[in-house]
Number of protein chains: 4
Amino acid sequence: MSRPDISDRKRDHIELCADQDVEARIKTNLLDAVELFHDSLPELDVDAIDLSASFAGKRLKAPLLITGMTGGAPEAERINKELAMVAQELGLAFGVGSQRAMARNPDLTATYQVRDVAPDICLLGNIGAVQAAEMSTAQTEDLVGAIGADALCVHLNPGQELIQPEGDRDFRGCIDAIARLVEELSVPVIAKETGCGLSPRTLDRLAKIGVKHVDTSGAGGTTWIGVEAMRAPAAQQTLGELYWDWGVPTAASIVYAKRREMNVIGSGGLRTGYDAARAIALGADIAGMALPWLRACYNEGAPGARAFGERCLTALRTAMALTGSSNVDELRQAPKMIGPRLERWLAADPRR
Amino acid sequence: MSRPDISDRKRDHIELCADQDVEARIKTNLLDAVELFHDSLPELDVDAIDLSASFAGKRLKAPLLITGMTGGAPEAERINKELAMVAQELGLAFGVGSQRAMARNPDLTATYQVRDVAPDICLLGNIGAVQAAEMSTAQTEDLVGAIGADALCVHLNPGQELIQPEGDRDFRGCIDAIARLVEELSVPVIAKETGCGLSPRTLDRLAKIGVKHVDTSGAGGTTWIGVEAMRAPAAQQTLGELYWDWGVPTAASIVYAKRREMNVIGSGGLRTGYDAARAIALGADIAGMALPWLRACYNEGAPGARAFGERCLTALRTAMALTGSSNVDELRQAPKMIGPRLERWLAADPRR
Amino acid sequence: MSRPDISDRKRDHIELCADQDVEARIKTNLLDAVELFHDSLPELDVDAIDLSASFAGKRLKAPLLITGMTGGAPEAERINKELAMVAQELGLAFGVGSQRAMARNPDLTATYQVRDVAPDICLLGNIGAVQAAEMSTAQTEDLVGAIGADALCVHLNPGQELIQPEGDRDFRGCIDAIARLVEELSVPVIAKETGCGLSPRTLDRLAKIGVKHVDTSGAGGTTWIGVEAMRAPAAQQTLGELYWDWGVPTAASIVYAKRREMNVIGSGGLRTGYDAARAIALGADIAGMALPWLRACYNEGAPGARAFGERCLTALRTAMALTGSSNVDELRQAPKMIGPRLERWLAADPRR
Amino acid sequence: MSRPDISDRKRDHIELCADQDVEARIKTNLLDAVELFHDSLPELDVDAIDLSASFAGKRLKAPLLITGMTGGAPEAERINKELAMVAQELGLAFGVGSQRAMARNPDLTATYQVRDVAPDICLLGNIGAVQAAEMSTAQTEDLVGAIGADALCVHLNPGQELIQPEGDRDFRGCIDAIARLVEELSVPVIAKETGCGLSPRTLDRLAKIGVKHVDTSGAGGTTWIGVEAMRAPAAQQTLGELYWDWGVPTAASIVYAKRREMNVIGSGGLRTGYDAARAIALGADIAGMALPWLRACYNEGAPGARAFGERCLTALRTAMALTGSSNVDELRQAPKMIGPRLERWLAADPRR
Ligand SMILES: Cc1cc2nc3c(=O)[nH]c(=O)nc-3n(C[C@H](O)[C@H](O)[C@H](O)COP(=O)(O)O)c2cc1C
Ligand SMILES: Cc1cc2nc3c(=O)[nH]c(=O)nc-3n(C[C@H](O)[C@H](O)[C@H](O)COP(=O)(O)O)c2cc1C
Ligand SMILES: Cc1cc2nc3c(=O)[nH]c(=O)nc-3n(C[C@H](O)[C@H](O)[C@H](O)COP(=O)(O)O)c2cc1C
Ligand SMILES: Cc1cc2nc3c(=O)[nH]c(=O)nc-3n(C[C@H](O)[C@H](O)[C@H](O)COP(=O)(O)O)c2cc1C
């Protein structure tokens, strides 16, 4: 697992995600099972709707996060910078991709640094739980400090690792590492899935060790089991196809996390501001997206990303107006109808 | 927003509605989830079935309403006159479209006047809630008086406004305006949606300010978010596509309104007398339709509209016969089976 | 309504039913929602399974009925004779079609008489409820006597009548007529639908006047609304298309009738011995079919009908064997799983 | 029913199963209605996951069984030897097909003997319940002894027999025979279905006579009613088509059996290690498959079978890792979501 490996893999990932069908095939994130009740009498000025939110102690102009994707290579640097710039302009949160490459090769640090173009944003660092278990708290603190992050995402991705030919197979020590970071790190720790969702049992374990922030990254959107299947030799490809849709749908995972009083980034398969509105109406504090930002930026650069962001804000504002929500807290209480497929997942949680 | 604007828009609307696919795409109005129980022993003379009903203090020969669509332009005048004439012949209720154009330009009053051809019908005036908030009660009373209306529909259409490029965006004051009109106007006020349905919360607010009549105009039929999307520039078109099916299905909205003891016009996506029968069996006092009347009249003139109306009456009478209902009150009590998709919406109402 | 009319209509009906698609389009009879539990240890000799049943006081070799279809014309005579002959051979029950033609023109009596070829069968006469209301009990008794029937089906078909251009439209007096016949006729009266099913309310009314035998003839099979739509001029055709699938599915109707402790002929859309088995497992005493017998006989004569009957018996015996039922009573108690769509209909019965 | 008959039939069966579509058409085994909850924090070393299990007193390296298929002919001998060899290598259980042919013609014994290549495996003998009823315990004991079996499957296949032209039709005495074998045989008796599943009533009867081991062989996979339909003359073919999907889905049957505290082989339509994982998560002790092993071996010999086995082990290990199960017992307790279609079957069991 030499450094070039990681860079190549990152390039592979970005190209595959930009061009290929890397999303769930049969499963949906079940946000489509959420029907927000229309309000015919919103009694508000749409342009005065307050989209602001806060997360991890920082104020956002809108409850949206560009979830962590990349770093460690020249293309990655451009993408990070451009998306962070848009985040700064629109007042969104932004996360970098896994800082593993930079932990191994400090020369790559610059590919993650965005504070020059995005001084005010809520910025999230990122490291894998397995790597976190191999590093001291001080080393981890350095990752955070080097980019000026406001919080650190510790990502959980056993699904991806098992399909990735060179992937990790020993997941012991992750819980202890996260517990230690929660205790010792100077910034909040966000336990973050990467497309398979957080289940009731995983959330119970996270709650027990004091984790207060999670990113659901549920099933129904980009599937990393799928992405790795595309890159893998035949045997692992078959395995990846078999588990392509594995995981907890985003909508269910959001509700599970709120039942445990977490601060929740609702993510996994969100593609529009309407999806963001439904995620928040289920209880998410903010809504995260990865793939659509990548595609907008990869294909059309910063202007494309900016346009996508504006479309999201307009759509979110529209949902708020049509549910009579004058701010994000009211959207979070908006009356809704939960369809039977989601209801069934919600009932399978022992803590319902 | 000059007067020609409105006239142009009205022409656009009529042409789009006459020719294009302007109806819900995925959602249905859920009347298809209502199964009326067959009665093998109706014990009645089908030709003696009493279709009469009353609404807003007027007697109707049949519980059907041609809901408000137009006014303010020459084509509009022809359509209003022809449909009102058919309403007079068949004993149906009839509504004019928004009288906003006439409020601004009194010269257009004639395009709304139908009492010459329809002296006896239950005639409904029409004004938007946002406009009502900008007008005094006296000005509103004038609109009613000028056409000899029996009641005034105050239409609620935030969905449409948000997609319409030149649409309203400030919905404050609507509730107060409706409350004032309920109090001060000489005729009953009907709170009327325009294709997104009335939700439990909206209905609760209307009940609180004393509104006794509503027109559900639920989701599943003509979508004004869709119609405006067709007319809009690219960005708003995307937004309109996203919210194309937004709203509360008609069948649910009817039940919500009856639970609040409203006088209910069940409308939104009704296309036949069978649909009308199911809307009434759910509790609606009368059943309203817009699009099919427009199409019949636009394409085949008064004879086409008359033929459509007669088909509706026959189909309604047939449903009454086959449920053993000798009058509309009995149809309203007819035994039925509610399918699970509708049941789910009904259970989402806090006041079930 | 001259006699030739009836004969022509009968010919029309037979030809349409033999060749065209005259069955339900969207609705099923919901026997497909009944899953009989497999018995891996039936502990019986399949060839010794006792298929015998009794109905209306007569013993049958198998719980099957060829439901009433025809009479009054030469082709009708051939069909009646051939089907009755097969019934005699296989020990099934058999019903003639409406004896209205013969009531008007006694010359046609022979076209209904089958006792020469079927001396032992359980034979059912047939008259419409509207006609029964116009006839004295003595006249009705004559119809029964003239063909040596064991019971009289009084058929209820308001759905068909309303689509049939020359159909009845006054259904008053039917209940009284049936009550009178139950009281005065020498043979049992069977209240029989003709494809729209018996609903809870209809069954309650029948129970109240002492009717003990019903033929459900539920929705999901031959639709007489459909057949008449095919024969009707444009306006009624449109109406018939609209109500094509109207009615209570057979499976629901059987359960409704058993809850009221009726003797039940389960019919409407049954096409195989497997369907018959499921109807009986829901509680039907015997299972009736019309269309498949007509088609077998019309296209392949008595040998075709016999072959069809034998296939039914084998399939029924197979279902009995695989549910471990050594006789029809045991089949009626066979463990089963009711699918959700049927469950929903069953729950809509006030007397569940 | 001379000996050559059986050999021919066996050849037919193998060829049909290898080439043709012999699986359920509409029904699924409902393992697709089981959603295992993802565990983002498995806290285990994937390569140290303990797949071992035990069944019928023997230890297995993995909870998988190659269910009984063949014997009695030269091709059968090759298949038995090759699959047993793979079972030995991978540490799986293996069953031979019906030993009826060998009971009639001891010369065929060698075609069932695999101990030379598979000295350590858990080996299951196989005889039909009808044949068992015709044999003494001593004769049965000989079948077991001749191949060195660890347990004897008594297969129940009334569905197949009724479609097979030369099939058994008298199923009396099977229960007594099984009771006797449970009492007198030196090895455990496994009551085994062959594709129609074990229903609650059948399981209650088996429990009552002391049977402790069952193989569900539920509906949703290979259908023997279907295979026999393919071989049968026209009349039986029609019958076979009608009952093609008959039976209790595997997933339901597994739960029914666990509710009765049986040792359960979950089988019927399992095709991957993921299916095996879901069967075990429902409570099965081990997971059985027939058709995919046959096809792998028939088309690609021992290497193909070995490759298939390894794929199953990897997929099973993956499911265990992603549910955080470090051994098979933990997989059996893994949190899961049961879909509504399976739930319905589970609720139809009187002993739920
Ligand atoms: C190109 C790409 C790279 C990603 N890299 C990371 C990563 O390094 N760390 C991480 O936590 N998640 C990573 N993710 C996962 C996303 O943050 C997100 O959880 C997931 O894609 C689901 O969201 P989506 O459906 O909106 O894409 C990546 C996603 C994409 C598309
Ligand atoms: C061409 C057209 C114009 C309309 N204009 C008005 C209007 O001015 N005021 C109003 O309250 N509703 C208006 N509507 C809405 C209808 O009254 C009705 O609520 C809606 O179309 C849903 O019913 P439908 O599915 O039967 O068309 C219009 C509808 C159509 C088709
Ligand atoms: C050609 C034809 C003629 C029929 N005529 C009569 C009739 O005269 N009287 C009656 O009670 N039912 C009549 N029926 C209705 C049947 O008895 C039966 O109730 C109905 O067709 C539903 O059963 P199926 O789906 O098996 O056809 C007729 C049906 C057919 C197909
Ligand atoms: C070719 C073939 C032959 C079989 N022969 C037998 C047999 O002799 N005895 C038996 O108990 N089951 C027999 N079976 C049934 C299987 O053991 C198994 O129960 C059934 O095929 C369902 O599993 P599957 O869907 O994985 O194939 C046979 C199956 C196949 C495919």
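Below you will find a few notes about this structure. No experiment lies behind these values; they were computed from the predicted model shown. (Residues numbered from 1 in each chain as written. Chains lettered and ligands numbered in written order. Predicted model: local features only at pLDDT ≥ 70, side-chain atom pairs only at ≥ 80, totals over all residues. Heavy atoms only, no water.)

**Focus on the overall build of chain A**
Rule in force here: A run of H or I in DSSP becomes a helix once it reaches four residues, and a run of E becomes a strand once it reaches two; helices and strands are each numbered from the N terminus. Taken over C-alpha atoms, the radius of gyration is set against a globule rule of 2.2 Å times the number of residues to the power 0.38. When a residue's accessible area, from a 1.4 Å probe over protein chains only, is under 20% of the maximum for its type it is buried; when over 50% it is exposed; and in between it is partly exposed. Any two residues having at least one pair of non-hydrogen atoms within 4.5 Å are treated as being in contact. Note on areas: Shrake-Rupley with a 1.4 Å probe; residue coverage comes only from the protein chains shown.
Scanning chain A for helices and strands turns up 15 helices and 12 strands. Scaling as 2.2 N^0.38, a compact globule of 352 residues should have a C-alpha radius of gyration of about 20 Å, and chain A matches this with 19 Å. Each principal axis of the C-alpha distribution contributes one length, and for chain A these read about 60 × 45 × 40 Å. Buried positions account for 65% of the 352 residues belonging to chain A. Within chain A, contacts between residues separated by at least 24 positions form 79% of all contacts whose residues are at least 6 apart in sequence. Counting only carbon and sulfur atoms, one obtains 47% of the accessible surface of chain A, whose full area is about 11600 Å².

**As for the site of ligand 4**
All names here are of chain D. Under the convention used in this document: Proximity is defined per residue: any heavy atom of the residue falling within 4 Å of a molecule or strand makes that residue near it. The definition of a polar contact used here is a pair of N or O atoms within 3.5 Å, where within protein one atom must be able to donate a hydrogen and the other to accept one, and adjacent residues in sequence count solely through side-chain atom pairs.
By nearness alone, 23 residues border ligand 4, and Lys 192, Ser 217, Thr 222, Gly 269 and Arg 271 come closest of all. Between Gly 68 and ligand 4, the recorded distance is 2.9 Å, taken from a backbone N or O atom to an oxygen atom. For ligand 4, an oxygen atom lies 2.9 Å from a polar atom in the backbone of Ala 290. Contact with the protein chains covers 97% of the free accessible surface of ligand 4, which is 600 Å². Within the residue set of the shell around ligand 4, elements represented by two or more residues are α1 (3–19) and α13 (291–322).

**Brief notes about the packing of aromatic side chains**
Rule in force here: The rule is short: rings of Phe, Tyr and Trp, with Trp giving its six-membered ring, pair when the centres are within 6.5 Å, and they are stacked under 30 degrees, edge-to-face over 60, tilted in between. A ring is considered to have a charge above it if a Lys NZ or an Arg CZ atom is located within 6 Å of its centre and within 35 degrees of its normal.
Here the structure, examined in full by the defined rule, presents 24 aromatic pairs over all chains. Where A:Phe37 meets B:Trp345, the ring centres are 5.6 Å apart and the plane angle is 70 degrees; that geometry is what we call edge-to-face. Of this pair, A:Phe37 sits in the loop between β1 (34–36) and β2 (53–55) while B:Trp345 is found in helix α15 (residues 340–347), placing the two residues in two different chains. The class of A:Phe37 is buried, set by a relative accessible area of 4%. Residues B:Tyr243 and B:Trp246 carry aromatic rings whose centres are separated by 5.5 Å and whose planes lie at 75 degrees to one another, so their mutual orientation is edge-to-face. Neither residue differs from the other here; B:Tyr243 and B:Trp246 are each classed as buried. One aromatic cluster in this structure is built from A:Phe37, B:Tyr256 and B:Trp345. Geometry around A:Tyr274 places A:Arg278 over its ring, the cationic atom sitting 3.8 Å from the centre. Here the basic side chain of B:Arg25 rests over the ring of B:Trp244, its NZ or CZ set 3.5 Å away from the ring centre.

**Quick notes on the arrangement of the chains**
With no contact formed, the shortest span from any C-alpha in chain A to any C-alpha in chain C equals 13 Å. Regarding chain B and chain D, the two do not touch, and the least distance separating their C-alpha atoms is 13 Å.

**A word on the site of ligand 1**
All names here are of chain A. By nearness alone, 23 residues border ligand 1, and Ser 98, Lys 192, Ser 217, Thr 222 and Gly 269 come closest of all. Taking Ser 217, its side chain carries an N or O atom lying 2.5 Å from an oxygen atom of ligand 1. Measuring from an oxygen atom of ligand 1, one finds a side-chain N or O atom of Arg 271 at 2.9 Å. Starting from 610 Å² of accessible surface for ligand 1 in isolation, the protein chains cover 97%. When contributions to the shell around ligand 1 are tallied by element, the ones reaching two or more residues are α1 (3–19) and α13 (291–322).

**Considering the interface of chain D and chain A**
Spelled out, the test is: Each of two parts loses accessible area, computed with a 1.4 Å probe, when they are put together; buried area is these two losses added. The term salt bridge refers to a side-chain nitrogen of Lys or Arg lying within 4 Å of a carboxyl oxygen of Asp or Glu.
Counting residues at the interface gives 32 residues for chain D, matched by 34 residues for chain A. Taken over both partners, the interface formed by chain D and chain A buries close to 2900 Å², and the fraction arising from carbon and sulfur atoms is 66%. Among the residues chain D hides against chain A, the three largest losses belong to D:Phe37, D:His38 and D:Leu41. Together they make up 25% of the total. Our count for the contact surface shared by chain D and chain A stands at six salt bridges. In this structure, the salt-bridge partner of D:Asp39 is A:Arg205, at a minimum N-O distance of 3.1 Å. Scanning the region where chain D abuts chain A turns up 21 residue pairs in polar contact (both at pLDDT 80 or more). Listed by contribution, the elements that provide at least two residues to the side of chain D that touches chain A are β1 (34–36), α13, β12 (336–338) and α15 (340–347) of chain D. Element by element, the count of residues in the side of chain D that touches chain A is highest for α13(D), at eight residues.

**Notes on the relation of the copies chain A and chain B**
Put simply, the second copy of the chain is the first one after a rotation about an axis and a shift along it. The criterion, for reference: All copies are superposed by least squares; the fitting set is the C-alpha atoms of residues with a pLDDT of at least 70 in both.
Superposition record for chain A on chain B: RMSD 0.0 Å, screw rotation 90 degrees, translation along axis 0.1 Å. Both copies are brought into coincidence by an operation consistent with a four-fold rotation axis. Residue A:Pro340 of chain A places its C-alpha closer to the rotation axis than any other residue of that unit, at 6.6 Å.

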